[in-house]
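As a plain string of letters, each chain reads:
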Amino acid sequence: MFRKTLAAILCMVMASAAMTSCGKHLEVDDDSKETSASDNQSAEETTAPAGDDKESTTAENSGSMDNKTIDISRFADRSVPDIDTEKSDVKNFTAPEVGDDIIIMKFKGYDGEVKIRLFPEYAELGVENFVGLAEKGYYDGLTMHRVMADFMIQGGDPLGTGTGGESLWGDKFDGGTSDKLTHAAGTIAYANSGSTSTDGSQFYIVTGETYDNDYLSLLESKGYSFSDDIKKILASAGGAPWLDGGYTVFGQVYEGLDIIFAIQDVEVYQGNAMNPEVSTPVEPVVIEYVKVGKYEGEELKWFIADYTGEDAPKAEKDTE
C-alpha cells in the first residue's frame, strides 16, 4: 500500500501540470500515445505497442488455441458490494427491462458469451454508436490489442494497433460523461485521445483493482470525489476510479465477466525501449462477433464474486 500511495502522489503532481488522469494506468487512448505510472516509476509519454507490426489482426491470422483451463481464483478476495443496486446513486447495476437492447460479445476460443447492459438514458450517442457498429458487423474478427492485468482490456481498432477506427458517422463524436456511471469492474467505455469528443470505435472493459479508504482519501485530497456507494464498490468489487469523468461509459457486463477477467491474464509481449508498455497479447485475443440482442430476464451476475465459486472458463478448441 505504501508503494501504491507513493505512486499516486507522483502521479498527482505530474497530472496537475499535464491535465491527465491518475491511477495505476493513467489514460485509455486510441491515438497511440499514453501516459502511465507503475509503482516504481514516474509517468512518461510512451508509444503504444503496434501488435507486432501487423496491419490488422483478424480471425484469419489468429492462430489456434489449444484446450486449456483459465484460473480466476486469484480474484476470490473480491466480493459483492453492500449497496442497494436499484436505489443507489450509482446506476451501473440497475436491472434492464425485459426486451431492452443488449450487446452480446463472443471471444474466439472461450466458452460462453459476454452480455452487456446498455445505458441509453445516460449515454445516448455512445449506445447508438456501438449498437450501429455492431449491427454492421464492424467488430467481428477484430482483436483486443491492449490487455493490461488489473486494469482493462481494449479493442475495436481495425488496424489492431490502437491508432485506427471510426464512429458510426465516419468521424469522431462526443459521447460525453455521466455522474451516474462509474468505472467499476465490468464497465465498458470508449477509449479516447484526450477528451470524449474523440470517441470512435475503440472501447475498453474494466477489470481494475480494489482500493481501501486510505487510497481513496488520497485521491479525494487531490480533487476526486466518490460517493459512499462508489467507495463500497471499489473496496469490494474493484474498478478504476481515476477514469471517471474523462471517458464515455455506456454499458456494464452482467454475464460472462469471468471471461473478461480471464482474458486480462493472457501472456503479453514484454516492453522495450521504444514501446515500454507491456500490453500486446502474444496470442491475439479475437472478437468472434458482437451483435445486438434482447434482455430476456436472465440472471444478472454483475460482479466477479458471482463467478469465483464456479469452474473457471475454459478455452474451446479452435477449429479454424
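The structure reproduced in this document is the subject of the present report. (Residues numbered from 1 in each chain as written. Predicted model: local features only at pLDDT ≥ 70, side-chain atom pairs only at ≥ 80, totals over all residues. Heavy atoms only, no water.)

1. As for the overall build of the chain
Argument step 1. When you go through the chain residue by residue, the secondary structure sums to five helices and 12 strands.
Argument step 2. Put simply, the chain has 320 residues, and 54% of those count as buried.
Argument step 3. Carbon and sulfur atoms form 47% of the exposed surface of the chain, whose accessible area is close to 13500 Å². (Helix = DSSP H or I, 4+ residues; strand = E, 2+ residues; numbered from the N terminus. Buried < 20%, exposed > 50% of the residue type's maximum accessible area, 1.4 Å probe, protein only. Areas by Shrake-Rupley, 256 points an atom, 1.4 Å probe, with all protein chains shown as cover.)

2. Topic: the pairing of strand S10 (residues 249–255)
Argument step 1. Along S10, six of the seven residues are buried, which leaves the element largely enclosed by surrounding structure.
Argument step 2. Pairing geometry for strand S5 (residues 114–118) and S10, over four bridges, is antiparallel. Across the sheet, residue Ile-116 finds its bridge partner in S10, namely Val-253.
Argument step 3. With three bridges connecting them, strand S8 (residues 187–190) and S10 associate as antiparallel partners. Residue Ala-189 lies in a different strand from S10, and its bridge partner there is Val-249. (Pairing = 2+ DSSP bridges.)

3. A short note on the nonpolar core
Argument step 1. Ranked by size, the top nonpolar core spans 41 residues in total, and within it Ile-103, Met-105, Phe-107, Phe-130 and Phe-203 carry the most contacts.
Argument step 2. It is helix H5 (residues 257–263) that provides the largest number of residues to this core, a total of six residues.
Argument step 3. Among all residues touching Ile-103, those that are not within four sequence positions of it are Val-114, Lys-115, Ile-116, Leu-118, Phe-130, Val-131, Ala-134, Val-290, Lys-291 and Val-292.
Argument step 4. Within the second largest apolar cluster, 35 residues are counted, among which are Ile-83, Ala-191, Tyr-247 and Phe-303. (Core = buried A, V, L, I, M, F, W, Y, C linked by side-chain atoms within 4.5 Å. Contact = heavy atoms within 4.5 Å.)

4. Topic: the pairing of S8
Argument step 1. Taking every second residue as pointing to the same face, both faces of S8 are buried, with Thr-187 and Ala-189 on one and Ile-188 and Tyr-190 on the other.
Argument step 2. Pairing of S8 with strand S9 (residues 203–206), which is carried by three bridges, proceeds in the antiparallel orientation. Each residue of the ladder has a partner; that of Ile-188, found in S9, is Ile-205.

5. Remarks on the side chain of Ser-167
Argument step 1. Its place among the elements puts Ser-167 in the loop between strand S7 (152–155) and S8.
Argument step 2. Take Ser-167: its relative accessible area is 2%, and that puts it in the buried class.
Argument step 3. When neighbours within four sequence positions are excluded, Ser-167 is seen to be in contact with Asn-129, Leu-133, Lys-172, Phe-173, Gly-200 and Ser-201.

6. Topic: the pattern of salt bridges
Argument step 1. Overall, the coordinates contain eight salt bridges when judged by the stated rule.
Argument step 2. Ionic pairing is found between Lys-115 and Glu-255, a salt bridge with its closest N-O pair at 3.9 Å. Separated by 140 residues along the polypeptide, Lys-115 in strand S5 and Glu-255 in strand S10 bring together distant segments of the chain.
Argument step 3. Of the residues examined, Glu-255 reaches a relative accessible area of 24% and is grouped as partly exposed. (Salt bridge = Lys/Arg side-chain N within 4 Å of Asp/Glu carboxyl O.)

7. Side note on the sheet that holds S7
Argument step 1. Within the open sheet, the eight strands sit side by side as S6-S7-S9-S8-S10-S5-S4-S11. Their pairing is antiparallel. One side of each edge strand has no neighbouring strand; the edge strands of this open sheet are strand S6 (146–148) and strand S11 (287–294). The average angle at which neighbouring strand axes cross in this sheet is 25 degrees, direction not considered.
Argument step 2. Pairing analysis gives three bridges linking S6 to S7, with the strands arranged antiparallel. Looking across to S7, one finds that Met-148 is bridged to Met-152. (Axes fitted to C-alpha atoms, helices over the stretch in contact; angles between N-to-C directions.)

8. A short note on unusual backbone geometry
Argument step 1. Of note in this structure, Asp-150 is not a glycine but carries a positive phi near 65 degrees.
Argument step 2. Following the sequence through the fold, Asp-150 ends up in the loop between S6 and S7.

9. With respect to the environment of Ile-287
Argument step 1. Checked against the element boundaries, Ile-287 lands in strand S11.
Argument step 2. The sequence separation of Ile-287 and Phe-107 amounts to 180 residues, and the corresponding C-alpha distance is 4.5 Å.
Argument step 3. Not counting chain neighbours up to four residues away, the residues in contact with Ile-287 comprise Met-105, Lys-106, Phe-107, Tyr-139, Asp-140, Gly-141, Leu-142, Met-144 and Phe-203.

10. Let's talk about the side chain of Arg-117
Argument step 1. Within the secondary structure, Arg-117 is located in strand S5.
Argument step 2. From its side chain, Arg-117 meets the backbone oxygen of Thr-94 in a polar contact 2.9 Å long.
Argument step 3. With residues near it in sequence (within four places) discarded, Arg-117 still touches Thr-94, Ala-95, Pro-96, Phe-250, Gly-251, Gln-252, Tyr-254 and Trp-302. (Polar contact = N/O pair within 3.5 Å; in protein donor to acceptor, adjacent residues only side chain to side chain.)

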